[in-house]
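Residue-level structural notes
So you can see what is in the structure, the chains are spelled out below.
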Amino acid sequence: MNRYLLILLLCCFSHAPTSYSQEKAQKKKMQKKSSPKKSKELIADVFTDFQSGKYESAIETLATLEKRLKKGSKKYNEVLGLINYWRGMSYARLSDYKNSEIAFKKAIDLKYKAQDIYYEYGQVLYVADRLKKARIAFKKSFKKGYKKGVSLYYIAFISQALNDHKKAVSFYSMIERLPEQEKKRRSSSSKNANCRYLSYKN
């Protein structure tokens, strides 16, 4: 009887280290799964979500990134500017032009440098019927050399809508002097913007 008890005890102890090591490995796996993503990974997620049309998910991730920011850090303004730029882009794609305008304005105030920021901001202002501000934004977009033909078209069209006919004629004539490639870009982009404008107004 004692011999059988001894064998049973030996079996139990011989299996104990294995089960403990397995338990430890499982805990490590769980920790990895539950551990928060790094900020660089979250930024990558924003880009992926935006390109996939998951704009609400992108906005949620941007909010998480903003919470992590520490005031006074070296790149605080730059990163906050980036967050608001992508927030503005995402809200615009959701046709939430009010929040998009707020986000773009913050990004610009933080001097965030994106080549298309004034163009995108101008489109949001244009659709929201804030024409004077939109014209200023498109002028800045033109000066930065971004979509020059389209920016000029907006400036001319807005000037016409504001009954500023002399300026309108001047800017339309500038469009005519642009290379053909720029004119084609202007035509397709302006049609898309006018469609958004009409859908917003209705």
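This text gives an overview of the structure that appears in the document. (Residues numbered from 1 in each chain as written. Predicted model: local features only at pLDDT ≥ 70, side-chain atom pairs only at ≥ 80, totals over all residues. Heavy atoms only, no water.)

1. Quick look at the nonpolar core
Of all hydrophobic cores here, the largest spans 42 residues; its most connected members are Y85, W86, I117, Y126 and F138. Elements represented by at least two residues in this core include exactly α2 (39-51), α3 (55-68), α4 (76-93), α5 (97-109), α6 (117-127), α7 (131-143), α8 (148-161) and α9 (165-176). If sequence neighbours within four positions are ignored, Y85 has contacts with F104, A107, Y112, A114, D116 and I117. (Core = buried A, V, L, I, M, F, W, Y, C linked by side-chain atoms within 4.5 Å. Buried < 20%, exposed > 50% of the residue type's maximum accessible area, 1.4 Å probe, protein only. Helix = DSSP H or I, 4+ residues; strand = E, 2+ residues; numbered from the N terminus. Contact = heavy atoms within 4.5 Å.)

2. With respect to the packing of α7 against α8
Here α7 crosses α8 at 155 degrees, and the two axes come no closer than 9 Å. Judged on the interaxial angle alone, α8 and α7 are roughly antiparallel. Here α7 and α8 pass one another in a crossing that is left-handed. Counting all contacts with α7, which are made through L131, A134, R135, F138, K139, S141 and F142, the residues of α8 involved are K148, S151, L152, Y154, I155, I158, S159 and A161. Taken together, the residues of the contact of α7 with α8 break down into 9 nonpolar, 3 polar and 3 charged. (Axes fitted to C-alpha atoms, helices over the stretch in contact; angles between N-to-C directions. Parallel < 35°, antiparallel > 145°, perpendicular 65-115°, else oblique. Left-handed = near helix turned anticlockwise from the far one by under 90°. Nonpolar A, V, L, I, M, F, W, Y, C, P; charged D, E, K, R; others polar.)

3. What about the side chain of D49?
As for its placement among the helices and strands, D49 is situated in helix α2. Despite its burial, D49 remains without a salt bridge, the nearest opposite charge being carried by K54 at 4.8 Å. Ignoring sequence-local partners within four residues, the contact set of D49 consists of K54, Y55, S57, A58 and T61. (Lys, Arg positive; Asp, Glu negative; His and termini not counted. Salt bridge = Lys/Arg side-chain N within 4 Å of Asp/Glu carboxyl O.)

4. A word on α9
With 12 residues, α9 ought to run about 16 Å at 1.5 Å a step, and its terminal C-alpha atoms sit 17 Å apart, in line with that. Taken as a whole, α9 has its buried residues at A168, F171 and I175. Along the axis of α9, the buried positions cluster into a sector of 75 degrees, meaning they face one direction only. Seen from the open side of α9, the exposed residues pointing more than 90 degrees away from its buried face are K166, V169 and E176. (Expected span 1.5 Å × (residues − 1). Arc of directions from axis to C-beta.)

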